[in-house]
Amino acid sequence: MKILFTSCFQWRADHLIKPSNEYWFKCLDLDENGQLTPDEMKLFMRSSMSENEMPFEDVLRPNTRHDCTRGPFKLSLILGNRMETGNDNADASSSSSNSFYTFPPLPPIILPRSPSNQEEGNIPPLFDPPLQLALRNHHEIMRQSLKEQYILRISHFFDNPLGGFRINDAEFKSVITKKVCQLPSFFSAALFRKIDIKSSGIVTRDKFIRYWVDRDMLTMDTVTQMYRILKQPDHEYLSQVDFKPVLQELLETHPGLEFLKTKPNFQKRYAETVIYRIFYHINRRGNGRLSLRELKRGNLIPAMQRVDDEEDTDGVLRYFSYKQFYVIYRKFGEVDANHDFLIDQGDLLTYGDGALTSRIVARIFEQASLCPIAPRKFTCEVARHMNYEDFVYFLISVEDKSSEPSVEYWFKLLDLDGNGKLTPGEMRYFYEDHAKKPVSFEMILCQIIDMIAPEREEYITLRDLKRSDLSRIVFEVLSNRGKLLAFDDRVRFPLPRRRGHQHPDLIEWLRFVDKEFESMLIDAEFISSSEDEPMEDWGEPIEEMHD
């Protein structure tokens, strides 16, 4: 059985070798005189084992190789638990010759209080090691000192005729939000409302201290601070609605988005697209409730801080890039031919010039039903239709098959029976839907097995696909007609080059965005030269129909 506690001591604390021994020495040194006496050791021995188990003199006797006046000796003590032995009837000679003893573990035993010692105040009323108490007191003193210093440093910021700040004051954004709290400037309005709980319209010094200092917001990490500012008081998660205030302030104040001020419809769509992308990548459970744990594991906060410092949103490759939003929204408009802001199965078959097979599109639209093994339920309220949010999830999954959420999405699409195993029969079902099959399925299957190298050749699991850098090729070959032909000739099918890239997980997505954006710019120039109305106005009728 497991040894509960064994420690090497010397007579004095300054001769100890390890910090852990010093900790236990202070626990046993009841009078705190720096010496561990036989009386103190005997007190603990009486509380942890009976006399017939092991005489105290045998425990105290020094090792035969050392003299107690010259060197260390080994002392085995159990605090609150008995020592363990495999033979309860072992004699004294065998007990003194063995270093470890095994007994069945018992619940913790509180040390007995001696009346004489209790009067002297040597034994604390609770079993809390003195060092632990000292550390707690030290931590509390340091924490209080930090708060006092912080209050002294920020008090002068509130020395103005108003005695505080209003929500639209530039000083509150640049000084309090950005400098004092070290948050992105577009959190200013959300922070103001959290502090001004009674909606008085003014944040004073005392209000700020009550919220930021007294509630320990000061000592929290940045992710937790933002989480608490954004979430509703009665929720322990973030919903999509919680991000709208900060994105609205970003749209109103960011210099790279100033041109959208005259386009409120596109401001709304930009904010929605950012939110959908955030939840796609970070809310891995897909329940629309972003937890603090998911937020800490994600990369949203660095992106928020980066977009606050950049003058151009396209300098931020995650979530906030306007160019990426432009491509996503334009692709939606290309598929939504009748501009009713809804996409049905027939519309989706036109995506990418009809590149997707009919079986994979039908499988995608099983999400709209109540199928228990559907890859992802649509949020669209119209039966068997996609809305804009559903399309954003679809587009990212289709064009960025190397990301982990996309791998999970496509695995669920191909796993028809939902048993967590992608079998040759399921892969054959999707491969046979290709009109032109350059090679037999058996040859394709062999190449897939060679690329993925699954743990078992009978089937492929999600774990196998996540371990492989070539998993996207499997999805392309089974679902995309054009990519299948490109895979066959191996010339127009580039493999990902991740080494040395600053953002290896964004290679496929950025390649798609750059290619599409360049093509859309050429189309926009052609339209602008042949028509009088601006290119962006195509989206406004969609907004009006949708609303």
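Residue indices begin from 1 for each chain and proceed along its sequence in written order. Reporting of local features is limited, given that this is a predicted model, to residues whose pLDDT is at least 70; pairs of side-chain atoms are given and counted only at 80 or more, and all residues count toward the totals for whole chains, interfaces and linings. As a convention, hydrogens and water are excluded, and side-chain values are obtained from all of the structure's heavy atoms.

### Remarks on the overall build of the protein
Link 1 in the chain: For the purposes of this entry, the term helix denotes a DSSP run of H or I that reaches at least four residues, the term strand denotes a run of E that reaches at least two, and both are numbered from the N terminus. Looking only at helices and strands, one finds 26 helices and four strands in the protein.
Link 2 in the chain: For the protein, the proportion of its 547 residues judged to be buried stands at 45%.
Link 3 in the chain: Counting only contacts in the protein whose residues sit at least 6 apart along the sequence, the fraction spanning at least 24 positions is 57%.
Link 4 in the chain: Note on areas: these come from Shrake-Rupley sampling with a 1.4 Å probe, and a residue is covered only by the protein chains present in the view. A total of about 29400 Å² of accessible surface is found on the protein, and carbon and sulfur atoms cover 52% of it. Throughout this description, buried means an accessible area under 20% of the type-specific maximum (1.4 Å probe, protein chains only), exposed means over 50%, and partly exposed covers the range between. Should any heavy atoms of two residues lie within 4.5 Å, those residues are counted as being in contact.

### Points about the nonpolar core
One broad rule of soluble globular proteins: the nonpolar side chains tend to lie buried together.
Link 1 in the chain: The term nonpolar core refers to a set of buried residues drawn from Ala, Val, Leu, Ile, Met, Phe, Trp, Tyr and Cys, joined through side-chain atoms within 4.5 Å. Counting residues in hydrophobic clusters, the biggest one holds 115 residues, and the most contacted among them are Phe208, Trp212, Phe243, Phe320, Tyr351 and Phe394.
Link 2 in the chain: Here the element with the most residues in this core is helix H12 (residues 264-282); it accounts for 10 residues.
Link 3 in the chain: Apart from the residues lying within four places of it in its own chain, the contact partners of phenylalanine 394 are Leu348, Tyr351, Leu356, Ile364, Met386 and Tyr409.

### Some details on unusual backbone geometry
Link 1 in the chain: You will see that histidine 339, though not glycine, has its phi angle at about 55 degrees, which is positive.
Link 2 in the chain: Within the secondary structure, histidine 339 is located in the loop between helix H15 (322-335) and helix H16 (345-348).
Link 3 in the chain: A positive phi angle is found at alanine 453, which is not glycine, with a value near 50 degrees.
Link 4 in the chain: Here alanine 453 shows up in the loop between helix H21 (441-452) and helix H22 (462-467).

### Some remarks on the environment of glycine 333
Link 1 in the chain: Mapped onto the fold, glycine 333 is located in helix H15.
Link 2 in the chain: For the pair glycine 333 and tyrosine 388, spaced 55 residues apart in the sequence, the C-alpha separation amounts to 9.8 Å.

### Quick look at the packing of aromatic side chains
Link 1 in the chain: Here a Phe, Tyr or Trp ring, Trp counted by its six-membered ring, pairs with any other such ring whose centre lies within 6.5 Å, and the pair is stacked when the planes are under 30 degrees apart, edge-to-face when over 60, and tilted otherwise. For the structure shown, the criterion picks out 31 aromatic pairs.
Link 2 in the chain: Arranged with centres 5.3 Å apart and planes meeting at 55 degrees, the rings of tyrosine 322 and phenylalanine 325 form a pair that is tilted. Here phenylalanine 325 and tyrosine 322 lie together in helix H15, a separation of three residues that amounts to about one turn. Assigned by exposure class, tyrosine 322 and phenylalanine 325 land together as buried.

### Re the packing of helix H7 (residues 170-180) against helix H8 (residues 188-195)
Link 1 in the chain: Every axis corresponds to a line fitted to the C-alpha atoms, with the helix fit spanning only the stretch in contact, and the corresponding angles, defined between N-to-C directions, vary from 0 to 180 degrees. One way to put it is that H7 packs onto H8 with a least axis distance of 10 Å and a crossing angle of 75 degrees. In terms of their interaxial angle, H7 and H8 are classed as roughly perpendicular. Every residue of H8 that contacts H7 at Phe172, Lys173 and Thr177 is listed here: Ser188, Leu191, Phe192 and Ile195. Oblique is the label for every angle not falling under 35 degrees (roughly parallel), over 145 degrees (roughly antiparallel), or within 65 to 115 degrees (roughly perpendicular).

### Re the side chain of threonine 313
Link 1 in the chain: Within the fold, threonine 313 resides in the loop between helix H14 (300-309) and H15.
Link 2 in the chain: Accessibility expressed as a relative area gives 1% for threonine 313, which makes it buried.
Link 3 in the chain: With residues near it in sequence (within four places) discarded, threonine 313 still touches His254, Leu257, Tyr270, Val307, Phe320, Ser321 and Tyr322.

### Things to note about the packing of H8 against helix H9 (residues 205-213)
Link 1 in the chain: One way to put it is that H8 packs onto H9 with a least axis distance of 9 Å and a crossing angle of 100 degrees. Relative to H9, the element H8 is oriented roughly perpendicular. Contacts between H8 and H9 involve Leu191, Lys194 and Ile195 from the former and Lys207, Phe208, Tyr211 and Trp212 from the latter.
Link 2 in the chain: Residues are sorted three ways: Asp, Glu, Lys and Arg are charged, Ala, Val, Leu, Ile, Met, Phe, Trp, Tyr, Cys and Pro are nonpolar, and all the rest, Gly among them, are polar. Looking at the contact of H8 with H9 residue by residue, the classes come out as five nonpolar, no polar and two charged.

### What to know about the pattern of salt bridges
Link 1 in the chain: The rule for a salt bridge is simple: a side-chain nitrogen of Lys or Arg has to be within 4 Å of a carboxyl oxygen of Asp or Glu. Inspection of every chain in the model, using the stated rule, returns 29 salt bridges.
Link 2 in the chain: When the shortest N-O distance is used, the salt bridge between lysine 296 and aspartate 221 registers 3.6 Å. Taken together, the residues span a long stretch of sequence, with lysine 296 in helix H13 (residues 292-297) and aspartate 221 in the loop between H9 and helix H10 (222-230) at a distance of 75 residues.
Link 3 in the chain: Note that glutamate 310 and arginine 306 form a salt bridge whose closest N and O atoms lie 2.8 Å from each other.
Link 4 in the chain: By relative accessible area, which is 25% here, glutamate 310 ends up partly exposed.
Link 5 in the chain: One salt-bridge network, held together by shared partners, links Arg284, Glu404, Glu408 and Lys466.

### Looking at helix H20 (residues 424-431)
Link 1 in the chain: Among the residues of H20, Glu426, Met427, Phe430 and Tyr431 are the ones counted as buried. Buried residues in H20, looked at end-on, bunch into an arc of 135 degrees, giving them a common side. Working note: the arc is built from the helix axis to C-beta atom directions.

### A closer look at the confidence of the model for the protein
Link 1 in the chain: pLDDT expresses how confident the predictor is about each individual residue, on a scale running from 0 to 100. Confidence in the prediction for the protein averages 76 pLDDT; 66% of positions are at 70 or higher.
Link 2 in the chain: Least confident of the elements in the protein is strand S1 (residues 7-9), whose mean pLDDT is 38; most confident is helix H11 (residues 244-253), at 96.
Link 3 in the chain: Considering only residues more than four positions removed or in separate chains, one finds that residues 1-19, a stretch of pLDDT under 50, has 51 contacts.
Link 4 in the chain: Taken together, the stretch residues 62-121 has pLDDT below 50 and engages in 88 contacts with residues farther than four places along the chain or on a different chain.

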